[in-house]
Amino acid sequence: MQNQYNGGMNQYNNGMNQYNNGMNQYPYNQGGGNQEKSTKSFVAGLATGMAVTMCVFLFAFAVVQFGKGIQRGMERIESENGVVGESITDEAVVKKLGILEETIQELFWQNVDSETLQNGAYRGMLDSLDDPYSVYYTSEELIALQEQTQGIYYGIGAYITQDTETGYVMVSGIIKNTPAEESNLMQGDHIYEIDGESMYNKDSSYVVSKIKGEEGTYVTVTVLRSGEEDPIDIDVQRRQIESPTVEYEMYDNKMAYIQITEFDLVTSKQFEEALEQARQEGMQGLIIDLRSNPGGNLSTVCEIARMLLPKGLIVYTEDKYGKREEYTCNGQNEIDVPLVVLTNGYSASASEILAGAVKDYGIGKLVGTTTYGKGIVQKVINLSDGSAMKITVSTYYTPNGNNIHQIGIDPDVEVAFDAEQYKNGVDNQLETAKQVLGEMMN
């Protein structure tokens with residue numbers, strides 16, 4: 001089975017890969033800004049930054065193989081619908097590619113190897129779609145992507161999301177007791193460079209691939225930070241990280257609180273353990289916090305939904321041919337206590353699948369602000385040389401048939417986050433969720 005991506009939603013199987021990323025990890029601004037803008041102008045705009053906007057482009061891809069000698073031809077991709085990808089090369093195109101390569105090799109002021117030029121051509125074809133989540137991965141980048149979805153990797157311990165206003169990925173969270181926390185990397189930092197390489201308009205998966213590396217080695221992460229005029233260089237050691245994607249707490253009044261930071265392969269087990277502990281401790285109401293959760297694995301969010309929802313649809317997708325794929329729940333584990341789900345503008349992709357299902361079935365109330373609005377699906381396709389490409393292939397819908405792409409899901413109780421209260425130790429959105437849940441429990 002192929003793997004789908006929902007902009008932050010990753011579904012990995014043996015063979016082809018389904019991602020719903022946004023999120024990768026991931027929903028950023030592709031070509032929507034000026035890289036020459038001053039750092040001061042960038043910092044001034046940080047306050048209005050928002051998570052990556054996902055553009056819908058349903059496109060069938062064929063891979064051009066070329067290098068020192070350019071292979072003539074294209075790989076045709078077929079499906080049950082027939083041929084969906086025709087060759088876009090002809091003799092003139094191949095000849096032009098050869099001229100470009102020869103000219104670069106002869107005149108460019110530095111030596112460039114053929115592999116670099118090949119990868120540039122592959123990336124360029126995907127970039128031409130003007131879709132930030134249609135991306136080419138080298139074999140090394142694909143390995144990093146797979147590690148990311150598993151939730152165990154060698155890295156620094158920071159969550160990132162893409163910012164449509166700035167063109168740079170943003171640190172959306174820091175894992176406790178990790179190198180990121182020890183290095184003073186901060187939530188809200190925008191990653192400007194990695195080891196001196198600009199990260200402007202780079203896909204979040206590409207950024208992750210540059211941060212990860214051999215255990216014990218160091219990476220220099222240069223960030224732009226609100227309130228700071230100049231970029232800040234931060235040296236961080238890479239270590240083995242197992243993402244604690246779920247946090248649990250039981251309040252005195254038997255309100256259970258479970259936060260899901262992203263939907264990795266390890267998340268469903270972590271959520272199941274937290275939910276079971278809550279029940280053992282006499283849970284009478286539940287708050288699920290999906291704020292700033294950029295998404296993750298499609299199979300994972302469906303597994304978690306099956307621990308909560310009644311019988312019926314969880315989500316369904318439709319491609320440009322009208323082909324529909326449904327993900328369902330048998331209803332055997334429907335939640336039997338009042339439920340509140342916290343959301344904000346950075347709750348994207350898989351987070352919106354769960355929040356949308358909860359709202360459509362009326363089994364809980366959403367509190368916070370409108371979600372991001374990432375409602376498209378990507379597919380990661382492995383190529384024979386170990387590389388891969390990811391392309392947007394379909395739209396997803398909530399159980400009631402709502403298309404939330406670039407719209408989001410409105411909360412039942414709207415409350416904006418108060419940063420000043422948070423600085424004083426008060427999470428006003430969480431306090432509102434407790435109040436709403438208390439009324440539901442009574």
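In this text, all values refer to a predicted model and were calculated from it rather than measured experimentally.

K.L.:
Let's hear about the pairing of strand S23 (residues 388-397): which residues, and what values?
P.N.:
Counting buried residues in S23 gives 10 out of 10 residues, a clear majority hidden from the surface. Pairing between strand S6 (residues 135-137) and S23: three bridges, direction antiparallel. Looking at the pairing, tyrosine 136 lines up with methionine 389 of S23. As paired elements, strand S18 (residues 312-319) and S23 share four bridges and run antiparallel to each other. Opposite aspartate 319, over in S23, you have serine 394 as the bridge partner. In this structure, the hairpin formed by strand S22 (residues 376-382) and S23 is closed by a connection of five residues, where glycine 386 is found at a positive phi of approximately 95°.

K.L.:
With reference to specific residues and values, describe the confidence of the model for the protein.
P.N.:
Averaged over the protein, the pLDDT score is 80; the fraction of residues at 70 or greater is 78%. With pLDDT under 50 throughout, residues 1-86 is counted as low confidence; its partners more than four residues away or in other chains account for 342 contacts.

K.L.:
Help me get a handle on the pattern of salt bridges, residues and values and all.
P.N.:
Per the stated rule, a full pass over the model turns up nine salt bridges. Put simply, aspartate 427 and arginine 291 hold a salt bridge, and the shortest N to O gap is 2.7 Å. On the criterion of sequence distance, the pair formed by aspartate 427 in the loop between helix H10 (419-423) and helix H11 (428-441) and arginine 291 in the loop between strand S17 (285-289) and helix H8 (298-305) is long-range, its members being 136 residues apart. Each member of the pair aspartate 427 and arginine 291 is classed as buried. Note that glutamate 431 and lysine 434 form a salt bridge whose closest N and O atoms lie 3.4 Å from each other. Taken together, the residues glutamate 431 and lysine 434, both in helix H11 and three residues apart, mark about one turn of the helix. Connected through shared salt-bridge partners, Asp289, Arg291 and Asp427 make up one network.

K.L.:
Can you lay out the sheet that holds strand S20 (residues 339-343) for me, pointing to particular residues and giving the numbers?
P.N.:
Strands sit in the order S15-S16-S17-S20-S21-S24 across an open sheet of six strands; the sheet is mixed. One side of each edge strand has no neighbouring strand; the edge strands of this open sheet are strand S15 (246-250) and strand S24 (413-414). Judged from the two bridges that link them, strand S21 (residues 365-368) and S24 form a sheet pairing that is parallel. Its bridge partner being in S24, glycine 368 is matched across the sheet by glutamate 414. Against the sheet, helix H7 (residues 267-280) makes contact with S15, strand S16 (255-260) and S17, and its axis sits at roughly 5° relative to S15, the strand it touches most.

K.L.:
For the packing of H8 against helix H9 (residues 350-361), give the residues involved together with the corresponding values.
P.N.:
Two packed helices can be described by the angle between their axes and the distance between those axes. Orientation of H8 relative to H9, taken along the N-to-C sense of each, is 25°, at an axis distance of 9 Å. Taken together, H8 and H9 sit at an angle that is classed as roughly parallel. Relative to H9, the crossing made by H8 is right-handed. For the pair formed by H8 and H9, the contact residues are Leu298, Val301, Ile304 and Ala305 on the first element and Ala350, Ile353 and Leu354 on the second. Class assignment for the residues of the contact of H8 with H9 results in seven nonpolar, no polar and no charged.

The rules behind the values
- Residues numbered from 1 in each chain as written.
- Predicted model: local features only at pLDDT ≥ 70, side-chain atom pairs only at ≥ 80, totals over all residues.
- Heavy atoms only, no water.
- Buried < 20%, exposed > 50% of the residue type's maximum accessible area, 1.4 Å probe, protein only.
- Helix = DSSP H or I, 4+ residues; strand = E, 2+ residues; numbered from the N terminus.
- Pairing = 2+ DSSP bridges.
- pLDDT = per-residue confidence, 0-100.
- Contact = heavy atoms within 4.5 Å.
- Salt bridge = Lys/Arg side-chain N within 4 Å of Asp/Glu carboxyl O.
- Axes fitted to C-alpha atoms, helices over the stretch in contact; angles between N-to-C directions.
- Parallel < 35°, antiparallel > 145°, perpendicular 65-115°, else oblique.
- Left-handed = near helix turned anticlockwise from the far one by under 90°.
- Nonpolar A, V, L, I, M, F, W, Y, C, P; charged D, E, K, R; others polar.

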